[in-house]
Amino acid sequence: EAAGTGGPADATRLRRLAVDTLDANWEHDHTVPSRTLYPHQWSWDSAFIAIGLAQVRPDRAWRELASLFRAQWADGRVPHIVFNPAIRVGAYFPGPEMWRSADVPGAPAVATSGLVQPPVHALAALLAYRRAPDPRGLAALRRLYPALVAQQRYLADRRDVAGDGLVCIVHPWESGLDNSPAWDEPMAAVPAEAAVMRAYRRHDTTHADAAHRPTDLDYARYLAIVAAYREHGYADRDLADGHPFLVECPLFNAAFGAAEHALAEIAALIGDDPGPHRARATRITEALLRRLHDPDTGTFQPRDLRTDRLVNARTVLGLTPLILPDLPTRQADALVVEARSARFGVARRMDRPLPTYDRTAPDFEPLRYWRGPSWLNIGWLVRRGLLTHGHPELAAGLRRSMIGLVAGAGCHEYFHPDTGAGLGSPSFGWTAALVLDLLA
Ligand code: 9YW
């Protein structure tokens, strides 16, 4: 166990650090993930952040979610970035000039991206309410509910490219794990050259070590996919005919299913019918089992719709369907075996943090972003899944390990998966919010 995670004084110190970080990143109606690297509002960041804010600043938790959903498009999509017009043009790349959302009918007045991120917002809203179950919270839930339903409807109606009941992501950024090895196979088929990046100026590599970030070739492909989707008017019609990246992601779809479970509970709280949400949740879990479960490995793998094959890389994405309460015991048990294996090392007493990628893989990279480092949001989801499926001791081990990371290095964006050293942005929103949640 990392030093300094034991006593109540340590917990008080960590809580103070987390609240200070959230306060410092608060920006009129939302929280920036990082003042330097990410000075706008990000979709799934806001969801995780609301969970932590609910404990200390419940009013801000609801404002965080409300401001994000004000930028929802007419088709129901919740954009993955909402640009703050007060931030200097060029402070973040790619900015509004790349997305040109103003040209798209149905986009909001504020500039946004055209992509989405994992829909963890209904779950966040439910958990925020449970932390602060007062009339204001209930009123906020009531206001959010139709927007959360529309978010799910967009994904179900427009993004089921294969017609199999699962959501297809059209860009690695939609997964939230941008450069995960899970995307290497589908990305290799996207035409682009690293040289394209000479025409642009990346900003991430001025705020963070380039060796810890995606490569220029990754970025060239990211931009090629954005351009393809934008030229298509961000319309989701006919994607199967030519869009260069079409993947069904286990985490995205687990979040999609968990959202229906959360919506059922929210519906019951506000006097609406939970039945349709429960039925949809069941269908999503069945589709995940049918389409993304790999019986050979016992884990879940992304499906590349362009080849109709499961991706081979064993990433932490595969463990996240544990958050689904209706995942059958047999498959849940197999995921726990995978989590406890040398690949991920989840244990009652963890000797190292949970990595984002199989640490025994030859291309495991302990410093590079989503290709190895440990991230609090992923640990938080896996811990939730372990609790959901009756593994409180493993969940406690993971919790201790995550708190130890923040105790040792502060509210960093990600952490070295061997040493626990802090990497990326030093004052990161969801790290602060989720450690508060873990300490509650
Ligand atoms: C980028 C804000 C976002 C997260 C993503 C993460 C990163 C943006 O930062 O993407 O420029 O690389 O991958 O999950 O939402 O924190």
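Use the structure listed above.
Since we're looking at a predicted model, the values are computed, not measured.

Participant: It is not clear to me how the side chain of Asp 218 should be interpreted in this structure. Could you clarify?
Facilitator: You can see Asp 218 is positioned in helix α9 (residues 216-231). Among buried charged residues, Asp 218 stands out as having no salt bridge; its nearest opposite-charge side chain is Arg 221, 5.5 Å away. Those residues within four positions of Asp 218 in sequence are excluded, and the remaining contacts are Asn 179 and Met 187.

Participant: I would appreciate a short explanation of the site of the ligand in the present structure.
Facilitator: In the vicinity of the ligand lie 15 residues, with Asp 45, Tyr 92, Gly 176, Asp 178 and Tyr 369 positioned nearest. Between Gly 176 and the ligand, the recorded distance is 2.6 Å, taken from a backbone N or O atom to an oxygen atom. In this structure, Arg 213 approaches the ligand through a side-chain N or O atom, which is 3.1 Å from an oxygen atom. Relative to its unbound accessible area of 380 Å², the ligand is 98% covered by the protein chains.

Participant: Explain empty space enclosed by the protein here, please?
Facilitator: Here the idea is plain: a probe the size of a water molecule rolls over the atoms and shows the empty space left. Across all of its chains, the model carries four cavities of 30 Å³ or more by this definition. The wall of the largest cavity is formed by 19 residues, among which Tyr 38, Trp 42, Gln 117, Asp 178 and Tyr 369 lie closest to the centre. When its volume is computed, the second largest cavity comes out at roughly 50 Å³. If you trace the second largest cavity, you find it lined by Ser 43, Arg 77, Val 78, Val 116, Gln 117, Pro 119, His 121, Gln 151, Tyr 154, Leu 155 and Phe 252. Partitioned by chemical class, the residues of the lining of the second largest cavity number six nonpolar, four polar and one charged.

Participant: Before we go on, may I ask you to explain helix α11 (residues 275-292) in this structure?
Facilitator: Each α-helix turn comprises 3.6 residues. Residues three or four places apart therefore point the same way. An ideal rise of 1.5 Å per residue puts 26 Å on 18 residues; α11 measures up with 26 Å between its terminal C-alpha atoms. The complete set of buried residues in α11 reads His 277, Ala 281, Ile 284, Thr 285, Ala 287, Leu 288, Arg 291 and Leu 292. Down the axis, α11 shows its buried residues gathered within 160° of arc, on one side only. Exposed side chains of α11 directed beyond 90 degrees from the buried face belong to Arg 283 and Arg 290.

Participant: Where do I start with the sheet that holds strand β6 (residues 303-304) in this structure?
Facilitator: Paired through backbone hydrogen bonds, the strands of a sheet run either parallel or antiparallel to each other. Reading across the sheet, the three strands line up as β5-β6-β7 and stay open at both edges, with antiparallel pairing between neighbours. Sheet topology places β5 (247-248) and β7 (309-310) at the edges, where each strand pairs with a single neighbour. Note: β6 against β7, two bridges, orientation antiparallel. The residue of β7 that forms the bridge with Asp 304 is Arg 309.

Participant: What exactly am I supposed to notice about the packing of aromatic side chains here?
Facilitator: All told, the structure shown has 24 aromatic pairs when counted by the stated rule. Centre to centre, the rings of Trp 173 and Tyr 222 are 5.0 Å apart; their planes meet at 45°, and the pair counts as tilted. Residue Trp 173 is located in the loop between α6 (135-158) and α7 (184-188), and its partner Tyr 222 is located in helix α9; the two are separated by 49 residues in the primary sequence. Here the two residues Trp 173 and Tyr 222 agree in accessibility, since each one is buried. Connected via pairs of aromatic rings, a cluster forms that spans Tyr 38, Trp 42, Trp 44, Phe 48, Tyr 92, Tyr 369, Trp 370, Trp 375, Trp 380, Tyr 414, Phe 428 and Trp 430. The ring centre of Tyr 369 lies 4.4 Å from the NZ or CZ of Arg 213, which sits over that ring.

Conventions and cut-offs
Residues numbered from 1 in each chain as written. Predicted model: local features only at pLDDT ≥ 70, side-chain atom pairs only at ≥ 80, totals over all residues. Heavy atoms only, no water. Helix = DSSP H or I, 4+ residues; strand = E, 2+ residues; numbered from the N terminus. Buried < 20%, exposed > 50% of the residue type's maximum accessible area, 1.4 Å probe, protein only. Lys, Arg positive; Asp, Glu negative; His and termini not counted. Salt bridge = Lys/Arg side-chain N within 4 Å of Asp/Glu carboxyl O. Contact = heavy atoms within 4.5 Å. Near = heavy atom within 4 Å. Polar contact = N/O pair within 3.5 Å; in protein donor to acceptor, adjacent residues only side chain to side chain. Areas by Shrake-Rupley, 256 points an atom, 1.4 Å probe, with all protein chains shown as cover. 1 Å grid on protein atoms, 1.4 Å probe; cavity = no way out; pocket = protein on both sides within 12 Å on 5 of 7 lines; lining within 4 Å. Points joined across faces, edges and corners; volume = space filled by probe spheres on them. Nonpolar A, V, L, I, M, F, W, Y, C, P; charged D, E, K, R; others polar. Expected span 1.5 Å × (residues − 1). Arc of directions from axis to C-beta. Pairing = 2+ DSSP bridges. Phe/Tyr/Trp six-rings, centres within 6.5 Å; stacked < 30°, edge-to-face > 60°. Lys NZ or Arg CZ within 6 Å of the ring centre and 35° of its normal.

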